[in-house]
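Structural overview
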Amino acid sequence: MSVTEINSPAATTRLSAAFRAPTAGSPPIWLMRQAGRYLPEYRATRAEAGSFLDLCYNPRLAVEVALQPLRRFDLDAAILFSDILVIPDGLGQPLRFEEGVGPVLMRLEDTADVARLSLERMRAHLEPVYETVSRLRAELPRAVSLIGFSGAPWTVATYMLEGRGSREFHLAKYWAYARPEDFRVLVDLLVEATVSHLSAQVDAGADVLQLFDTWAGVFDDRGFAAWVEDPIRRIVARLKARYPQVPVIVFARGAGARLAGLAQRLGADGLGLDPTVPLAWARETVQPETTVQGNLDPAILRIGGEAMERAIDDILAAWRGGRFIFNLGHGILPDTPPQHVAALVRRVRGEA
Ligand code: CP3
C-alpha cells in the first residue's frame, strides 16, 4: 500500500474496501436520502434554516442534517447534504422548491439561454457546499466514508429544459432527438460543471463519489448511448485522471439490461441498482464486473416488518460473497418510520 493510500480516509473505510474485494461477512451500508424529512430532527433544522435551499447553502446546518442519520443508525457513510439542482442554480438558472410541486426553474428555451449560464458563477456560488464537505470530513470518524455527489448531465438537463419534474420528458427528449447540436451545447456545459463540482468536493474531503442519473431509464439504445453513457464516461475519465483513488458509483435508474458491461463502458467502480433489477441476474451478470449497490425497494422499507425482513434477506442471500454495498434502490420516502431504518441496519449487520 502506498503512503497516499494510508493517509487517505478511503483506505480505511468499510465502504471503500467494497470496491476492491468481496466483503467478508455483512456488507457496508448507507441509504440514499438518509438525511431528510422522515427524521423529525431534520424537519426542525430545516425550519431553522428557512427553506430547503437555505439549508443546502448553510454549512453549519447542512453538516448538522448530514450527521443526524449517523447519530441514530450504524451507517458506513455520510453523504453530503445538498441537491443535484444546485448546479443549474449555481450556473445562473435560479431554482426554487414549491410545496407540493418540487423544484421549479425558469426553463431554457434555446442556446442563447444556455450561453448566459456561467461556470465561474457556479464555482463561486457553490463555495458553501464545499465548506460543508470539509467541515463534515473533519467531524466524521475516519472509518466513515464521506460521499460526494452530483446529478448526471441527462437528469439535470431534464429539470433545466422542462422547468420542473416531468413524467414524459417531451421537451428534454425533443432537444435530445430533434435538436442534438443544441442539446450537445448544454450537455457539454454540464459535463464541465459536473467535473468541476465533483473535483471541488474531493478537494474538500469527499472520499467516494456518486452520480445520480435518476431518469436514465427513459431512452432507446441510441438515446442511452449518446445522453447517458457518453457524458458519464467523459466525466469519469476526467475524474480518474485527477483522482485515481476515489471510487465513482453510477446510479443509472431504470438502466435494466444495459447494466451488463456498463461499469466497464463508463469506467465506474460501482453501479447503483434500482429495485426492479433481478437479484440472480445481477449476481451472474453485473457483480462479476463491478461492485453492486442496492436495491431494497423504499416502499418496502416504509412498510417494515416481515415483508421487509424477507426482502433484505433475499438481497443478502443473492449478493453476499461478491462486491456489494447494501442500499435502497431509490431514496427513502418521507413518511418512512425511523424505527424501520434502525431495524434494516441491524438486520444487514446480522444483529436481528
Ligand atoms: O441524504 C441524501 O441523500 C443527500 C441529499 C440529497 C438530496 N437530494 C436532498 C433533498 C441527494 C443526494 C439528492 C439527490 C436528488 N435531488 C435527486 C437524485 C436522486 C433521486 O432521488 O432521484 C433528484 C432527482 C433531486 C431533485 C429533487 N430534490 C427533487 C425532485 C426534490 C423534490 C422532491 C422531494 O423529495 O421533496 C428535491 C428536494 C430534496 N432534495 C429534499 C431533500 C432532503 C426534500 C426537501 C425538503 O422538503 O426538505
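A few points on the structure. Just so it is clear, the structure is predicted and the values come from calculations on it, not from any experiment.

What to know about the overall build of the chain
The secondary structure content of the chain amounts to 18 helices and nine strands. Taken over C-alpha atoms, the radius of gyration comes to 19 Å for the chain, in line with the 20 Å a tight globule of 352 residues would show. Projecting the C-alpha coordinates of the chain onto the three principal axes gives extents of approximately 55 × 45 × 45 Å. A total of 352 residues make up the chain; the buried ones form 57% of that total. Considering only contacts within the chain whose residues lie at least 6 apart along the sequence, 74% involve residues at least 24 apart. With 39 positive and 42 negative side-chain charges, the chain shows a spacing of 2 Å between the two charge centroids.

Things to note about the sheet that holds strand β4 (residues 145-151)
The parallel open sheet is built from seven strands, whose spatial order is β1-β4-β5-β6-β7-β8-β9. Two strands close off the open sheet at either side, each with one partner strand: β1 (77-79) and β9 (324-328). Strand after strand, the sheet turns through a mean of 25° between neighbouring axes, direction not considered. Contacting β4 and β5 (208-213), helix α12 (residues 180-204) crosses the sheet at an angle of about 165° to β4. Relative to the sheet, helix α13 (residues 221-242) contacts β5 and β6 (248-252), its axis offset from that of β5 by approximately 165°.

What to know about the pairing of strand β3 (residues 102-105)
Pairing geometry for strand β2 (residues 95-98) and β3, over four bridges, is antiparallel. Paired with E98 across the strands is G102, a residue of β3. A loop of three residues connects β2 with β3, the two strands running antiparallel in sequence, and G100 in this loop sits at a positive phi of about 80°.

Re the packing of helix α17 (residues 305-319) against helix α18 (residues 338-348)
At their nearest, the axes of α17 and α18 sit 10 Å apart, and the two run at 35° to each other. Relative to α18, α17 is oriented so that their crossing is right-handed. For the pair formed by α17 and α18, the contact residues are M308, E309, I312, D313 and L316 on the first element and H340, A343, L344, R347 and V348 on the second. By residue class, the composition of the contact of α17 with α18 is six nonpolar, one polar and three charged.

Quick word on the packing of helix α9 (residues 127-139) against α12
Taken N-terminus to C-terminus, the directions of α9 and α12 make an angle of 30°; their axes are 8 Å apart at the nearest point. When the axes of α9 and α12 are compared, the pair comes out roughly parallel. In this structure, α9 crosses over α12, and the sense of that crossing is right-handed. From α9, V129, Y130, V133, S134 and R137 reach across to α12, where they touch H197, A200, Q201 and A204. Grouping the constituent residues of the contact of α9 with α12 by class yields five nonpolar, three polar and one charged.

Notes on the site of the ligand
Every one of the 21 residues lining the ligand counts as a neighbour, but R33, Y42, R46, D83 and H330 are closest to it. At 3.2 Å, a backbone N or O of A35 approaches an oxygen atom of the ligand. Residue R46 places a side-chain N or O atom 2.3 Å away from an oxygen atom belonging to the ligand. For the ligand, the protein covers 88% of the area, taking 870 Å² as the surface of the free molecule. By residue class, the composition of the shell around the ligand is 13 nonpolar, four polar and four charged.

Description of the nonpolar core
Of all hydrophobic cores here, the largest spans 127 residues; its most connected members are F81, L91, F183, L186, L296, F326 and L344. When residues of this core are assigned to their parent elements, the largest contribution, 12 residues, is made by α12. If we skip the residues at most four places from it in the chain, F326 touches P27, P28, I29, W30, G294, L296, I312, I315, L316, L344 and V348.

What about the packing of aromatic side chains?
Counted according to the given criterion, the structure contains 13 aromatic pairs. Consider the rings of W154 and F183, whose centres lie 6.0 Å apart with planes at 85°: the pair is edge-to-face. Residue W154 is located in helix α10 (residues 153-162), and its partner F183 is located in helix α12; the two are separated by 29 residues in the primary sequence. Both residues of the pair, W154 and F183, belong to the buried class. One aromatic cluster in this structure is built from W154, F169, Y177, F183, W215, F219 and W227.

As for the pairing of β6
Burial analysis of β6 places five of its five residues in the buried class, the great majority of the element. Every second residue of β6 is oriented toward a common face, with V248, V250 and A252 on one face and I249 and F251 on the other, all of them buried. Here β5 runs beside β6; their pairing, made up of five bridges, is parallel. In the strand pairing of β6, Q210 is matched with I249.

The rules behind the values
- Residues numbered from 1 in each chain as written.
- Predicted model: local features only at pLDDT ≥ 70, side-chain atom pairs only at ≥ 80, totals over all residues.
- Heavy atoms only, no water.
- Helix = DSSP H or I, 4+ residues; strand = E, 2+ residues; numbered from the N terminus.
- Rg over C-alpha atoms; globule rule 2.2 N^0.38 Å.
- Buried < 20%, exposed > 50% of the residue type's maximum accessible area, 1.4 Å probe, protein only.
- Contact = heavy atoms within 4.5 Å.
- Lys, Arg positive; Asp, Glu negative; His and termini not counted.
- Charge placed at Lys NZ, Arg CZ, Asp CG, Glu CD.
- Pairing = 2+ DSSP bridges.
- Axes fitted to C-alpha atoms, helices over the stretch in contact; angles between N-to-C directions.
- Left-handed = near helix turned anticlockwise from the far one by under 90°.
- Nonpolar A, V, L, I, M, F, W, Y, C, P; charged D, E, K, R; others polar.
- Parallel < 35°, antiparallel > 145°, perpendicular 65-115°, else oblique.
- Near = heavy atom within 4 Å.
- Polar contact = N/O pair within 3.5 Å; in protein donor to acceptor, adjacent residues only side chain to side chain.
- Areas by Shrake-Rupley, 256 points an atom, 1.4 Å probe, with all protein chains shown as cover.
- Core = buried A, V, L, I, M, F, W, Y, C linked by side-chain atoms within 4.5 Å.
- Phe/Tyr/Trp six-rings, centres within 6.5 Å; stacked < 30°, edge-to-face > 60°.

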